[in-house]
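# Secondary and tertiary structure notes
Single-letter residue listing:
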Number of protein chains: 2
Amino acid sequence: MKTNRRDFIKTLAVGTALAGIGGISNMCTSKPKITKMSNNNKAVLNISFQESTAPQKELNAKLDYMEKLGVTGLEPGGANLTNRINEFQQALRNRNIKISAICAGFGGWLLADDPAVKEECIRTSKEILAAAGELGSVGMILAPAFNYQKSFPHTLETRERLADDLRMLGEFAYQHNTSLILEPLNRREAFYLRQLADAASICRDVNSPGIACMGDFWHMTFEETSDHGAFISGGDYLKHVHIASRKRRSMPGEDGDADNYIDGFKGLKALNYPGYISFECGSKGDKAVTIPAAVKLIREQWEMA
Amino acid sequence: MKTNRRDFIKTLAVGTALAGIGGISNMCTSKPKITKMSNNNKAVLNISFQESTAPQKELNAKLDYMEKLGVTGLEPGGANLTNRINEFQQALRNRNIKISAICAGFGGWLLADDPAVKEECIRTSKEILAAAGELGSVGMILAPAFNYQKSFPHTLETRERLADDLRMLGEFAYQHNTSLILEPLNRREAFYLRQLADAASICRDVNSPGIACMGDFWHMTFEETSDHGAFISGGDYLKHVHIASRKRRSMPGEDGDADNYIDGFKGLKALNYPGYISFECGSKGDKAVTIPAAVKLIREQWEMA
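In what follows, the accompanying structure is described. Worth saying up front: this structure is predicted, and the values here are computed from it rather than measured.

Definitions and cut-offs
Residues numbered from 1 in each chain as written. Chains lettered and ligands numbered in written order. Predicted model: local features only at pLDDT ≥ 70, side-chain atom pairs only at ≥ 80, totals over all residues. Heavy atoms only, no water. Helix = DSSP H or I, 4+ residues; strand = E, 2+ residues; numbered from the N terminus. Expected span 1.5 Å × (residues − 1). Buried < 20%, exposed > 50% of the residue type's maximum accessible area, 1.4 Å probe, protein only. Arc of directions from axis to C-beta. Contact = heavy atoms within 4.5 Å. Pairing = 2+ DSSP bridges. Right-handed = clockwise from strand over helix to strand, strands pointing away. Axes fitted to C-alpha atoms, helices over the stretch in contact; angles between N-to-C directions. Core = buried A, V, L, I, M, F, W, Y, C linked by side-chain atoms within 4.5 Å.

A word on helix 10 (residues 287-304) of chain A. Since there are 3.6 residues in each turn of an α-helix, residues three or four apart along the chain are aligned in direction. All names here are of chain A. Compared with an ideal rise of 1.5 Å per residue, which puts 18 residues at 26 Å, helix 10 spans 25 Å between its outermost C-alpha atoms and is within 8% of the ideal. Considered for burial, the residues of helix 10 that qualify are Thr290, Ile291, Ala294, Val295, Leu297, Ile298, Gln301 and Trp302. The buried residues of helix 10 occupy an angular sector of 160° when the element is viewed end-on, so they sit on one face. Relative to its buried face, helix 10 has exposed residues pointing more than 90 degrees away, namely Ala288, Val289, Lys296, Glu303 and Met304. Along its buried surface, helix 10 packs onto strand 1 (47-50), helix 2 (59-69), strand 8 (238-243), helix 9 (262-270) and strand 9 (277-279).

Spelled out as structure tokens, the structure:
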């Protein structure tokens, strides 16, 4: 739309001028990407648990339990990861479980208007990314800022500043054979980044092989109108997925009929999504019951998708 | 993700408390919507022109030309529409052309921090919506604010205020058998609303049968990573589509290989999209050549989708 022809022409002229002087350097004007679609459903379901998901206390006991369930990914937190590299490498030896993603764990936040806070985020993120690379992880998960973290206002300038910082971190991650994974959260936690399409659009602007995005079914419940559309928009940038029940963030299935992931799974299958679907949730029930039931539910819905 | 467990629990507790006191009234927590997908490709291609698209001067000459091309929709501007109802009704009598959408034409803007400016937007939008209803139009197109229009900051509070205003306008539109159609624009024109998924999410929050959204291939070129994903996210809220060439906003085809709409058309077909695809573009060439070529290109790509 245009409010009137004069505004329209003025806007186009400004856009053209900006393009000429590099003012839209963060704005991709290349040929639109054709979504890689597939109907042959070759995508494999790879289930991952966070370290706190399995009820056992010791890491090896957790991994034994996960193996029995056919869970093939482990998602540790990023805090203190550098000091735990050897521990994870030893524990995963001769197992059919790999490190999936690394869940946050950095200090500060990237959108901070306080330079020291942003630098703390960058410094600690680099430490975790280096460890993530050594562990063969797909990447470290990052949300640019939570609502309670004082940040720059939500403007185009902030978006461009963020893209520049992410490009630097993405290049660092790529050098370490891993990636930085942007996670959209629901508006009550982080209004700044709420949707897969926006996260993917940031990835396109950043244009680094070390930048990626993810979707979390819990947050998507409140922010996406279509799980399917959201994942398709994630496209090749989509490197990780979180799952939980859709009303209380418990084990999938604990919220009954609300826990329907089929529409999203169809999107993942259409993308031939190669990554993990990782549990990020607690349980209101007995984990000895709710965890196997959740794994079964996800497998059934994956088949139905 | 969560920065740490304490933050996580705190955030959940706040969310639960807000839900309890109705603080997330604009946030739908119902069962996730299953995208209505179709593989039978029954969707019909309905092409529409804006009033300025056809090169003729007189409305009836334009309509004669459009009929010869098989164009079945006309998208007038909203300015002065009330005084032109009879003119359009007479001109469209005994033709296979209907009014598609009404392109803006209102005064003020909805996100204005100046109450008088917002009221002007509401007052004039209602006038146009009433006329749109009389003309059988699918709806009036509105962008909440352009970048140059001084507005409230991009926060959750602004989003909720916008949803309230849109709900009121949506109900008005529905009473007049039409709708208010949110249009995402590219960031250089309107950073506030840039993506289909966000527009559809606003529609879901508004929750009125008189609110809808649209996609414009021109803006989508710069803002969406996947035309297909974007339209799927639009879902049932998607009521209108604009098209132009993808580099210079000229007639589709004037920008060569860049003018590929197949991925988006696949999304529209999957939705059984019932609306129009309406030209909003100029031409760098001879319209007598570029317009028929554009119509032909769109028809060919629709078949290929």
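Next comes the rest of the write-up.
Bringing the pairing of strand 5 (residues 139-142) of chain A into the picture now. Residue and element names in this part refer to chain A. Both strand 4 (residues 101-103) and strand 5 contribute to a ladder of three bridges, which runs parallel. For isoleucine 102, the partnering residue across the bridge sits in strand 5 and is methionine 140. Handedness of the crossover joining strand 4 and strand 5 through helix 4 (residues 115-134): right-handed. Taken together, strand 5, helix 5 (residues 156-175) and strand 6 (residues 180-182) form a β-α-β motif whose crossover is right-handed.

Quick look at the sheet that holds strand 6 of chain A now. Either a parallel or an antiparallel arrangement is found when strands of a sheet pair, and the pairing is made through backbone hydrogen bonds. Residue and element names in this part refer to chain A. Ordered by their spatial adjacency, nine strands build an open sheet running 3-2-1-9-8-7-6-5-4, and the pairing between neighbours is parallel. Each edge of the sheet is formed by a strand with only one pairing partner; in this case those strands are strand 3 (98-99) and strand 4. Inspection of the sheet shows strand 1 paired to strand 2 (residues 73-75) by three bridges, in the parallel sense. Bridge pairing in strand 2 places phenylalanine 49 opposite leucine 74. In the packing of helix 6 (residues 196-206) onto the sheet, contacts are made with strand 6, strand 7 (211-216) and strand 8, and the angle to strand 7 comes to roughly 175°.

Turning next to the sheet that holds strand 6 (residues 180-182) of chain B. All names here are of chain B. Reading across from one edge, 3-2-1-9-8-7-6-5-4 is the order of the nine strands in this open sheet, with parallel pairing throughout. Among the strands making up the open sheet, the edge pair consists of strand 3 (98-99) and strand 4 (101-103). Together, strand 1 (46-50) and strand 2 (73-75) form the strand contacts of helix 2 (residues 59-69), whose direction differs from that of strand 2 by roughly 140°.

Counting residues in each nonpolar core, the largest one holds 85 residues, and the members touching the most others are B:Phe49, B:Leu166, B:Leu182, B:Phe265, B:Leu268, B:Ile277 and B:Phe279. Leave out the neighbours within four places in its chain, and B:Phe265 touches B:Phe217, B:Ile243, B:Ile277, B:Ile298, B:Gln301, B:Trp302 and B:Ala305. Membership of the second largest hydrophobic core comes to 84 residues, among which are A:Ile47, A:Val71, A:Ile97 and A:Leu142.

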